[in-house]
Amino acid sequence: MMEDFNSETDSDYTSYWRDWFISSRGNEYFCEIDEEYLTDRFNLTGLNTEVPYYQYALDLVTDVFDLDADDDLREQIEKSARHLYGLVHARYIVTTRGLTKMVDKYKKGDFGKCPRVMCEGQPLLPMGQHDIPNMSTVRLYCPKCEDLYNPKSSRHASIDGAYFGASFPSMLFQVYPGLVPEKSTSRYEPRIYGFKVHAAAALARWQDQYREDMKSRLRDAGMEVNSQGCIIGKRGQ
């Protein structure tokens, strides 16, 4: 991972670590963590027991690394620095500043678009299925169909899901409710020579009727619902 620095001096090596990390291929899902967040020890609570060579790794990430280490040790410290950055990243992106940066990336489609045709190119968000490292790799969440997908690129598919955490998408939409897309009610209807397949058509009719019945019961209970059947408030409030 450090080939880019082979021709650089030690000073160059330690001056641009975060810039190098963010700009490296495969790290496009990450945002840059603010310097003041990284240097506040409160934000790093407990990570010293999870990251080998913790202090050296932190020095590297914060651009104060000054150790005459051999290649093997330097490689281990670099590996720890990437792991440390990922763990801190999961904490940072649920802060006000971190959410702002991730929203910008979400709006630009940096995390990709939903592969489901009926979602019409809905932007995705990265997330983990677990908050504990080494349990699962990163997944991509579509807020329109509310399903998870694997990243297309193998470079992204190998990222630990704990570097984003299981709560990130929900936290983002709690803070930015205006970004929540309308849920997709469109679905593919199997046809043969233009005619609906009977079993699928019957299921679709049942689902549509069930949705209408549910909306009717909610209205009878005094709840306001939108066209998708989602509760938007209590009538009269």
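Cut-off values and rules
- Here the residue index of a chain counts from 1 through its sequence in written order.
- Residue-level local features of this predicted model are given only where pLDDT is at least 70; pairs of side-chain atoms are given and counted only at 80 or more, and the full residue set underlies all totals for whole chains, interfaces and linings.
- Each side-chain value is derived from all of the structure's non-hydrogen atoms; neither hydrogens nor water enter the calculation.
- Strands were regarded as paired on the criterion that DSSP finds at least two bridges between them.
- In this text, helices come from DSSP runs of H or I with a minimum length of four residues, and strands from runs of E with a minimum of two, each type numbered from the N-terminal end.
- Axis definition: a line fitted to C-alpha atoms, over the contacting stretch in the case of helices. Angles run 0 to 180 degrees between N-to-C directions.
- With a 1.4 Å probe rolled over the protein chains alone, any residue whose accessible area is under 20% of its type maximum counts as buried; one over 50% counts as exposed, and the rest are partly exposed.
- Two residues qualify as a contact provided that any one of their heavy atoms is within 4.5 Å of a heavy atom in the partner residue.
- When a carboxyl oxygen of Asp or Glu lies within 4 Å of a side-chain nitrogen of Lys or Arg, that pair is called a salt bridge.

Enquirer: Describe the sheet that holds strand β3 (residues 147–149), naming the residues involved and giving the relevant values.
Expert: Spatial ordering of the open sheet is given by β1-β2-β3, a layout of 3 strands whose pairing is antiparallel. With partners counted over all chains shown, the strands left at the sheet margins are β1 (125–127) and β3, one partner each. Direction aside, neighbouring strands of the sheet carry axes that sit 40 degrees apart on average. Pairing of β1 with strand β2 (residues 139–142), which is carried by 3 bridges, proceeds in the antiparallel orientation. Within β2, the position partnered with Pro 126 by the bridge is Leu 140.

Enquirer: Quick one: what's the story with the environment of Asp 131, residue by residue and with numbers?
Expert: Its place among the elements puts Asp 131 in the loop between β1 and β2. Classification of Asp 131 by relative accessible area gives exposed; the value is 52%. For the pair Asp 131 and Ala 162, spaced 31 residues apart in sequence, the C-alpha to C-alpha distance is 4.7 Å. Those residues in contact with Asp 131, other than ones at most four positions away along the chain, are Ala 162, Gly 165 and Ala 166.

Enquirer: Can you lay out unusual backbone geometry for me, pointing to particular residues and giving the numbers?
Expert: Phi is positive for Tyr 53, which is not a glycine, with a value near 55 degrees. With respect to the secondary-structure elements, Tyr 53 resides in the loop between α3 (35–38) and α4 (54–61). Given a relative accessible area of 40%, Tyr 53 falls into the partly exposed group. A positive phi angle is found at Asp 63, which is not glycine, with a value near 65 degrees. With respect to the helices and strands, the residue Asp 63 is situated in the loop between α4 and α5 (71–92).

Enquirer: Explain the pattern of salt bridges residue by residue, including any values.
Expert: Close approach of charged atoms allows side chains of opposite charge to pair. Per the counting criterion, the structure on display carries 10 salt bridges. In this structure, Asp 110 engages Lys 105 in a salt bridge whose closest nitrogen and oxygen atoms are separated by 3.5 Å. Residue classification places Asp 110 among the partly exposed residues on the basis of a relative accessible area of 30%. Connected via shared salt-bridge partners are Arg 18, Glu 35 and Asp 63.

In short, the description is geometric, and any link to function would need to be established separately.
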